[in-house]
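Overview (structure and organization)
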Amino acid sequence: MALLAPGLGSSLAAKLHCTHGFVNQTYSFVPGFFAQDNTTATDIPAVPAHFGLLDNSSDRWSTFFDHINTLNEEADNFTAYKVFFLSRHGEGYHNVAEAKYGTPAWNDYWSKLNGDGELVWGPDAELTATGEAQAAAAGEAWKTELAAGLPMPGKFYVSPLSRALKTLEITFSGLLPKGKNEWATVLENCREVYGVHTCDQRRTRTYIHATFPEFRIEPGFTENDLLWTPEVRETDAHVAGRAKQVLDLVFSEDKDSFISVTGHGGIINGFMASVGRPTYNLPTGERESSTGILPIVIKSVYTASHGRQ
């Protein structure tokens with residue numbers, strides 16, 4: 001099913017900037033579509049039936065996206081709506097290590113090392129076999145809902161950390177046309193909270209391109225990780241600022257109304273902060289059968305000030 005409603009284009013943003021000086025985008029989430037929209041709900045599985053869509057009718061996805069198209073068609077020229085599926089990676093070796101030592105000891109000591117002689121989690125923690133199986137299970141959920149009318153996302157974005165890249169690769173294996181290249185874009189801003197924890201130090205651009213050649217890497221992506229340092233951990237406010245930059249990019253540049261982002265718990269909660277929604281802890285780990293997926297409808301509003309910034 002083709003999505004009819006384009007996003008607010010970069011040409012409008014440029015026009016506003018030339019006319020008014022400074023353009024700002026603000027975001028909010030639109031509840032009422034998914035079980036996960038209930039911010040007080042508990043015990044929602046990592047991937048509930050129909051990805052949590054409250055409508056369980058046979059034409060549920062066409063009805064849902066018709067509603068999104070209507071919201072966009074009836075919106076003014078400064079407002080747009082998009083559907084995001086925010087996916088957390090499967091279990092990584094760092095998750096196993098944190099469970100092994102407990103969160104206080106992990107944060108205080110073990111996270112600063114690359115391993116313990118048994119497990120290796122840094123730099124750039126890999127998926128465990130359980131994590132790979134979780135990603136495959138997420139793929140089966142996608143396969144089920146695609147058969148029920150869910151369209152494929154128009155754009156895919158992914159963190160540059162290996163556990164997220166591998167999760168995306170496994171999840172959509174066999175679901176996309178064979179030979180499709182550069183079907184997802186690696187964004188630095190989609191990475192996990194960085195600094196101190198070695199599991200969150202990314203590898204080189206050369207490594208990412210060689211290991212995941214089917215993914216496009218954003219322009220300006222540096223060869224080495226210039227953001228991670230062993231002394232300073234990124235703040236939640238800074239993570240939220242990065243998430244907003246991703247939203248700015250998507251709403252300004254992408255015409256597609258359905259967006260997939262594969263990342264981490266920290267950046268996903270950065271998105272939640274950017275849209276005024278409480279944090280949502282997507283589960284991962286050996287007790288979960290799949291990677292966590294959080295669907296959310298996001299509203300963007302452009303405003304312009306008359307002062308130059």
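The sections below set out a description of the structure shown in this document. (Residues numbered from 1 in each chain as written. Predicted model: local features only at pLDDT ≥ 70, side-chain atom pairs only at ≥ 80, totals over all residues. Heavy atoms only, no water.)

1. Side note on the overall build of the protein
The helix and strand inventory of the protein stands at nine helices and seven strands. Scored against the burial criterion, the 309 residues of the protein give a buried share of 51%. Relative to all contacts within the protein whose residues are 6 or more apart in sequence, the contacts with residues 24 or more apart total 80%. For the protein, the accessible surface area stands at approximately 13900 Å², while carbon and sulfur atoms represent 52% of it. (Helix = DSSP H or I, 4+ residues; strand = E, 2+ residues; numbered from the N terminus. Buried < 20%, exposed > 50% of the residue type's maximum accessible area, 1.4 Å probe, protein only. Contact = heavy atoms within 4.5 Å. Areas by Shrake-Rupley, 256 points an atom, 1.4 Å probe, with all protein chains shown as cover.)

2. Examining empty space enclosed by the protein
Per the stated rule, a full pass over the model turns up one cavity of 30 Å³ or more. In this structure, the largest cavity spans a volume of roughly 60 Å³. Elements with a contribution of two residues or more to the lining of the largest cavity: helix 5 (129-147) and helix 6 (162-171). A per-element tally of the lining of the largest cavity places helix 6 first, with three residues. (1 Å grid on protein atoms, 1.4 Å probe; cavity = no way out; pocket = protein on both sides within 12 Å on 5 of 7 lines; lining within 4 Å. Points joined across faces, edges and corners; volume = space filled by probe spheres on them.)

3. Points about the packing of aromatic side chains
Scanning all chains against the criterion turns up 24 aromatic pairs. Seen in terms of ring centroids, F84 and F251 are 6.0 Å apart; in terms of plane orientation they differ by 35°. Their pairing is tilted. One end of the pair, F84, is in strand 2 (residues 79-88); the other, F251, is in helix 8 (residues 236-253), and 167 residues separate them in sequence. Accessibility classification places F84 together with F251 in one group, the buried group. Between F85 and F258 the ring centres are 5.1 Å apart and the planes differ by 80°, which places this aromatic pair in the edge-to-face class. (Phe/Tyr/Trp six-rings, centres within 6.5 Å; stacked < 30°, edge-to-face > 60°.)

4. Brief notes about the pairing of strand 3 (residues 155-158)
The two faces of the sheet receive side chains in turn, since in a regular strand these alternate between them. As paired elements, strand 3 and strand 6 (residues 258-263) share four bridges and run parallel to each other. Each residue of the ladder has a partner; that of K155, found in strand 6, is I259. Taken together, the two bridges between strand 3 and strand 4 (residues 184-186) define a ladder with parallel strand orientation. Bridged to V158 within strand 4 is V186. As a crossover connection, the stretch from strand 3 through helix 6 into strand 4 is right-handed. (Pairing = 2+ DSSP bridges. Right-handed = clockwise from strand over helix to strand, strands pointing away.)

5. Focus on the side chain of T171
Its location among the elements puts T171 in helix 6. Engagement of the side chain of T171 in a polar contact is seen with the backbone oxygen of T167, the distance being 2.7 Å. Here T171 is in contact with A135, A138, G139 and W142, once residues within four sequence places are set aside. (Polar contact = N/O pair within 3.5 Å; in protein donor to acceptor, adjacent residues only side chain to side chain.)

6. So, the environment of L187
The residue L187 is located in the loop between strand 4 and helix 7 (205-211) in this model. A residue is classified by how much of its surface remains accessible, and L187, at 4% relative accessible area, is buried. Distance from L187 to G220, taken between C-alpha atoms, is 10.0 Å for residues 33 residues apart in sequence. When near neighbours in sequence (up to four residues on either side) are disregarded, L187 contacts Y157, V158, S159, P160, E218, V246 and L249.

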